[in-house]
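# Structural description and commentary
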Amino acid sequence: MRVAIAFDHAGVILRPVVIETVAACGGEIMDCGTDSTERVDYVPYAFAAADAVSSGQADRAIICCGTGLGSCIAASKVRGVRAVTVSDTYSARMSRLHNDANCLCLGGRVVGSELARDILTLWLETPFSDEERHRRRIIEVMAREG
Ligand code: RB5
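Presented here is a report on the structure given in the accompanying data block.

Conventions we followed
- Residues numbered from 1 in each chain as written.
- Predicted model: local features only at pLDDT ≥ 70, side-chain atom pairs only at ≥ 80, totals over all residues.
- Heavy atoms only, no water.
- Axes fitted to C-alpha atoms, helices over the stretch in contact; angles between N-to-C directions.
- Helix = DSSP H or I, 4+ residues; strand = E, 2+ residues; numbered from the N terminus.
- Parallel < 35°, antiparallel > 145°, perpendicular 65-115°, else oblique.
- Left-handed = near helix turned anticlockwise from the far one by under 90°.
- Contact = heavy atoms within 4.5 Å.
- Nonpolar A, V, L, I, M, F, W, Y, C, P; charged D, E, K, R; others polar.
- Near = heavy atom within 4 Å.
- Polar contact = N/O pair within 3.5 Å; in protein donor to acceptor, adjacent residues only side chain to side chain.
- Salt bridge = Lys/Arg side-chain N within 4 Å of Asp/Glu carboxyl O.
- Buried < 20%, exposed > 50% of the residue type's maximum accessible area, 1.4 Å probe, protein only.

Closest axis-to-axis distance for the helix H4 (residues 89-97)/helix H5 (residues 113-125) pair is 8 Å, and the angle between their directions is 20°. In terms of their interaxial angle, H4 and H5 are classed as roughly parallel. When you trace H4 past H5, the crossing you get is right-handed. Together, Thr89, Ala92, Arg93, Ser95 and Arg96 of H4 and Leu115, Asp118, Ile119, Leu122 and Trp123 of H5 make up the contact between the two elements. In the contact of H4 with H5, the residues fall into five nonpolar, two polar and three charged.

With that settled, consider the site of the ligand. Taken together, Asp8, His9, Ala10, Tyr42, Cys65, Gly66, Thr67, Gly70 and Arg109 are the residues near the ligand. In the model, an oxygen atom of the ligand is placed 2.6 Å from a nitrogen or oxygen of the Asp8 side chain. Within the backbone of Gly66, an N or O atom sits 2.7 Å from an oxygen atom of the ligand. For the shell around the ligand, the per-class residue count stands at three nonpolar, four polar and two charged.

Considering all chains together, one arrives at 10 salt bridges under this definition. Between Asp59 and Arg2 there is a salt bridge; the shortest N-O distance is 3.0 Å. On the criterion of sequence distance, the pair formed by Asp59 in the loop between helix H2 (42-55) and strand E3 (60-65) and Arg2 in strand E1 (residues 2-7) is long-range, its members being 57 residues apart. Arg136 is the salt-bridge partner of Glu132, the closest N and O atoms lying 2.8 Å from each other. Remark: Arg136 and Glu132 occur in helix H6 (residues 132-143); sequence separation between them is four residues, near one turn of the helix. Arg136 sits in the partly exposed class, given a relative accessible area of 42%. Via salt bridges that share partners, Glu20, Glu114 and Arg117 belong to a single interconnected network.

Next comes the structure, spelled out in structure tokens:
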């Protein structure tokens, strides 16, 4: 699985655990930056990772900002991207099973590294359920893109 990763200055605290966990799950990383705590706007970083999914260069994106909220709002504007902000393991699993989320947003000021590791592992390893009712709903949502 090819995974685009992106961070702003507030999300970069999760960078080590994101890289470790993607590798532990057998993923190949596409690094969209940033790698420092110098203040940057999250928007271009979120777009870079989301664009990688949209274009098919990556299968999934993981984006970390302070809350996981701004990056999720930005990524959700990109065609084909189903972004979710997650801060618990149940939602991590369900976002894959029911929503086929292809972009995970985490808040570096919200979740600690070890919770992030559990969330990331579940999110990377859980397949879409492929149940008809979930497929139907996702198609209905994505059709809104026009
Ligand atoms: C940066 O201070 C912060 O606003 C950003 O990381 C993110 O939380 C935005 O939603």
